[in-house]
Amino acid sequence: MTSNSKMQVVGLALSVIMLLTLLNSGYFFLAMLKLSIGKWLAFNACSLATIAYLLCFVLYKTTKRDYILAIPLLPLYYYGTMGMFVMPWNEANLFPQITHIIITLNVLWIVYVLLKEHKFEALGKGSLLGMIIFVPIFACIQGYTQQHMGEFMAVLQAL
């Protein structure tokens, strides 16, 4: 097995693990907290970033267009990697922090694959598209979350 095919297997494994974290999040927010899909994606923007990544990963695998792989880098980094530093490291946040670690491993995989193959143009093009797509979405999510944080906290405390 070549080094390149090993990295593709790693990428697939990381994507499957990320899908499992998405299913876990969906169960918690939709089944346990009984929130709508919109509220789930607003209050847990990591899930939105994960969905974007999984869609881009599938498109990357089917089209072989490298830039598609870089499109979700910004939301993955912003909500996943930076989430490790914003959320407290305690037992209540164990699953979210594990998810942040898994997201960060996927970010590192994307960057490694693109830089190893010298796909600088793909990295730039995908990152630019990601900014154009996701920065307005970030603004909407942040605004909604700030306006409805009391509602979210009340739902969490009712558990």
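Preceding block: the structure.
This section reports on the structure supplied with the text.

What counts and how
Residues numbered from 1 in each chain as written. Predicted model: local features only at pLDDT ≥ 70, side-chain atom pairs only at ≥ 80, totals over all residues. Heavy atoms only, no water. Phe/Tyr/Trp six-rings, centres within 6.5 Å; stacked < 30°, edge-to-face > 60°. Helix = DSSP H or I, 4+ residues; strand = E, 2+ residues; numbered from the N terminus. Buried < 20%, exposed > 50% of the residue type's maximum accessible area, 1.4 Å probe, protein only. Expected span 1.5 Å × (residues − 1). Bend = angle between axes of the 7 residues up to and from the residue. Contact = heavy atoms within 4.5 Å. Core = buried A, V, L, I, M, F, W, Y, C linked by side-chain atoms within 4.5 Å. Axes fitted to C-alpha atoms, helices over the stretch in contact; angles between N-to-C directions. Left-handed = near helix turned anticlockwise from the far one by under 90°. 1 Å grid on protein atoms, 1.4 Å probe; cavity = no way out; pocket = protein on both sides within 12 Å on 5 of 7 lines; lining within 4 Å. Points joined across faces, edges and corners; volume = space filled by probe spheres on them. Nonpolar A, V, L, I, M, F, W, Y, C, P; charged D, E, K, R; others polar.

Looking now at the packing of aromatic side chains. Centre distance and the angle of the planes are the two values used to describe a pair of aromatic rings. Evaluation of the coordinates by the stated rule reveals 10 aromatic pairs. Plain terms: the ring middles of Phe43 and Tyr144 are 5.9 Å apart, the flat faces sit at 50 degrees to each other, and that makes the pair tilted. On the criterion of sequence distance, the pair formed by Phe43 in helix H2 (residues 37–43) and Tyr144 in helix H8 (residues 120–147) is long-range, its members being 101 residues apart. What makes Phe43 buried here is its relative accessible area of 12%. On the basis of relative accessible area, Tyr144 is assigned to the partly exposed category, the value being 25%. Seen from their ring centres, Tyr79 and Phe138 are 5.0 Å apart, and the 80 degrees between their planes marks the pair as edge-to-face. Here Phe138 lies in helix H8 and Tyr79 lies in helix H5 (residues 73–81), a separation of 59 residues in the sequence. As far as burial versus exposure is concerned, Tyr79 and Phe138 are alike and both buried.

What follows is about the environment of Pro72. Of note, Pro72 is situated in the loop between helix H4 (66–70) and H5. Sequence spacing of Pro72 and Gly130 is 58 residues, and the spatial spacing of their C-alpha atoms is 5.8 Å.

The terminal C-alpha atoms of H8, which comprises 28 residues, lie 39 Å apart, in line with the 40 Å expected from a rise of 1.5 Å per residue. The sharpest bend along H8 comes to roughly 35 degrees, located at Phe134, with the proline Pro136 sitting one to four residues further on. Residues of H8 that are buried include every one of Ala122, Leu123, Gly126, Gly130, Phe134, Phe138, Ile141 and Thr145, and no others. Where H8 is buried, its residues contact H2, helix H3 (45–63), H4, H5, helix H7 (94–116) and helix H9 (149–157).

Moving on, we come to the nonpolar core. Counting 40 residues, the largest nonpolar core has Phe29, Tyr53, Leu69, Leu76, Trp109 and Ile110 as the members making the most contacts within it. Sorting the residues of this core by element identifies helix H1 (3–32), H2, H3, H4, H5, H7 and H8 as the ones contributing at least two each. In terms of residues, this core owes the most to one element, H3, which gives 9 residues. Not counting residues up to four positions away in its chain, the partners in contact with Ile110 are Tyr53, Leu69, Ala70, Leu73 and Leu76.

What follows is about the packing of H3 against H7. Where H3 meets H7, the axes come as close as 12 Å, and the angle between the chain directions of the two elements is 35 degrees. H7 is crossed by H3, and the crossing has left-handed handedness. Two secondary-structure elements touch here, H3 through Cys46, Thr50, Tyr53, Phe57 and Tyr60 and H7 through His100, Ile103, Asn106, Trp109, Ile110 and Val113.

To continue, consider empty space enclosed by the protein. Over the atoms, a rolling probe the size of a water molecule traces out where space has been left empty. Here the structure, examined in full by the defined rule, presents 1 cavity of 30 Å³ or more. By volume, the largest cavity amounts to about 30 Å³. Lining the largest cavity, in full, are Asn4, Met7, Tyr112, Val113, Lys116 and Glu117. Every element with two or more residues in the lining of the largest cavity is listed here: H1 and H7. Here the lining of the largest cavity takes 3 residues from H7, the largest share from any one element. In terms of residue class, the lining of the largest cavity is built from 3 nonpolar, 1 polar and 2 charged.

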